[in-house]
Amino acid sequence: MKQESANKFTDVTAQTKLPASILKGSFTAAWAADIDADGDLDVVLGEEQGLPTVLRNNGDGSFAEIHPFAGISGLHGFVWADIDGDGDPDAALIDDQGKLRFFANERSGQFKERPAPPTLPSVRAISVTDVNNDGVLDLLVLGADGIIVRVSDKSEGQTWETVDLVKVGKRATDRFGKFVCVSRTSITTEGNDLLLTSTGVPAMDEVPERANPSAGRSETSSRH
Ligand SMILES: [Ca+2]
Ligand SMILES: [Ca+2]
Ligand SMILES: [Ca+2]
């Protein structure tokens, strides 16, 4: 949909020049990110299975189908952020097996997969924020075991650091979902608190401490 004015959008699907396989395809989500680093936003499509699809923005209203994330099937979660701190956004994805997959940005639309921490359980949702306040963004990974884990780059792309942050309850994590995190460094003086809001998962009524069940969200502190 192309925005014409503050409250008017026009359907411009026909001008995208995308093949029928895309236009009639079944996708679970879409994320906007400048995957090829050419200054315009491209579209990453969520899929149950199969090689993930990105619609590269040609800048003239048309898009081209590309597949920059080789070797994976399905896309159930997507984070676009500079996790390794080298100045370009990287891609973190959840595949159809519930595995976290990490692709370091090599620029010009090229990515190199880097193995995720082997200790992670099956993953249900991912988000990003600088939890430990060191100036480098961290991945927040909600596992099927109901624990949110901080996953941080260590030694400039060589290894990972993983730290359990909070348990949000197992019942909530039997399917893929989304959650977003907003850092709340200025709200309390006691550590670096997070505000978590969720859709689908997790069910915050199971957060064991400092929870606010009626608001459907929780807060927890992380001190490292
Ligand atoms: Ca682009
Ligand atoms: Ca990077
Ligand atoms: Ca950090």
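From a predicted model like this one, the values you see are computed outputs, not experimental measurements.

## Here's the deal with the overall build of the chain
Working step 1: Within the chain, the regular secondary structure consists of 1 helix and 18 strands.
Working step 2: Within the chain, residue pairs in contact and separated by at least 24 positions form 40% of the contacts whose partners lie at least 6 positions apart.

## So, the pairing of strand β4 (residues 42-46)
Working step 1: As paired elements, strand β3 (residues 29-33) and β4 share 5 bridges and run antiparallel to each other. By the bridge assignment for β4, A32 is matched with V43.
Working step 2: In terms of strand pairing, β4 meets strand β5 (residues 54-57) through 2 bridges, oriented antiparallel. Paired with V44 across the bridge in β5 is V54.

## What about the sheet that holds β5?
Working step 1: With respect to topology, 4 strands assemble into an open sheet ordered β3-β4-β5-β6, the strand pairing being antiparallel. On the outer flanks of this sheet lie β3 and β6 (63-66), each paired with one strand and no other. Direction aside, neighbouring strands of the sheet carry axes that sit 25° apart on average.
Working step 2: Both β5 and β6 contribute to a ladder of 4 bridges, which runs antiparallel. Counterpart to R56 in the pairing with β6 is A64.

## Some thoughts on the sheet that holds strand β12 (residues 138-143)
The strands making up a sheet are joined through hydrogen bonds of the backbone, oriented either antiparallel or parallel.
Working step 1: Ordered by their spatial adjacency, 4 strands build an open sheet running β11-β12-β13-β14, and the pairing between neighbours is antiparallel. Two strands bound the open sheet, and with one partner strand each, they are β11 (123-129) and β14 (159-167). With strand direction ignored, the average angle separating the axes of adjacent strands in the sheet is 25°.
Working step 2: As paired strands, strand β13 (residues 147-154) and β14 are joined by 8 bridges and run antiparallel to one another. Within the sheet, the bridge partner assigned to K154 lies in β14 and is T159.

## Describing the confidence of the model for the chain
Working step 1: Averaged over all residues, the pLDDT of the chain equals 82, while 75% of them reach at least 70.
Working step 2: In this model, residues 183-192 is a region of pLDDT below 50 whose contacts with residues beyond four sequence positions or in other chains number 19 contacts.
Working step 3: For residues 200-224, every residue scores under 50 in pLDDT, and the model assigns this stretch 65 contacts once sequence neighbours within four places are set aside.

## Structural notes on the nonpolar core
Working step 1: The biggest cluster of nonpolar side chains holds 32 residues, and the ones touching the most others in it are A92, L100, I126, L139, V141 and I148.
Working step 2: Counting residues per element, the ones that place at least two in this core are β5, β7 (77-81), β8 (90-94), β9 (100-107), β11, β12, β13 and β14.
Working step 3: Residue contacts for I148: discarding those within four places in its chain leaves L140, V141, L142, L165, V166 and V168.

## Quick word on the pairing of β12
Working step 1: In terms of burial, β12 is largely enclosed, as 6 of its 6 residues are buried.
Working step 2: As paired elements, β11 and β12 share 6 bridges and run antiparallel to each other. If you follow A125 over to β12, its bridge partner there is L142.
Working step 3: Counted along the chain from β12 to the antiparallel partner β13, the turn is 3 residues long, and its residue G146 has a positive phi close to 80°.

## Things to note about the environment of G25
Working step 1: Take G25: it is sitting in the loop between α1 (20-23) and β3.
Working step 2: Overall, G25 belongs to the partly exposed group, with 14 C-beta atoms counted inside 10 Å.
Working step 3: Taking the C-alpha atoms as reference points, G25 and E47, 22 residues apart in sequence, are found 9.5 Å from one another.

## Focus: unusual backbone geometry
Working step 1: With a phi angle near 55°, S108 is a residue other than glycine that sits in the positive phi range.
Working step 2: Along the polypeptide, S108 turns up in the loop between β9 and β10 (110-114).
Working step 3: The exposure class assigned to S108 is exposed, which follows from the 8 C-beta atoms found within 10 Å.
Working step 4: We note that S155 has phi near 60°; this positive angle belongs to a residue other than glycine.

About the cut-offs
- Residues numbered from 1 in each chain as written.
- Chains lettered and ligands numbered in written order.
- Predicted model: local features only at pLDDT ≥ 70, side-chain atom pairs only at ≥ 80, totals over all residues.
- Helix = DSSP H or I, 4+ residues; strand = E, 2+ residues; numbered from the N terminus.
- Contact = placed C-beta atoms within 7 Å.
- Pairing = 2+ DSSP bridges.
- Axes fitted to C-alpha atoms, helices over the stretch in contact; angles between N-to-C directions.
- pLDDT = per-residue confidence, 0-100.
- Core = buried A, V, L, I, M, F, W, Y, C linked by C-beta atoms within 7 Å.
- Buried ≥ 20, exposed ≤ 12 C-beta atoms within 10 Å, placed from the backbone.

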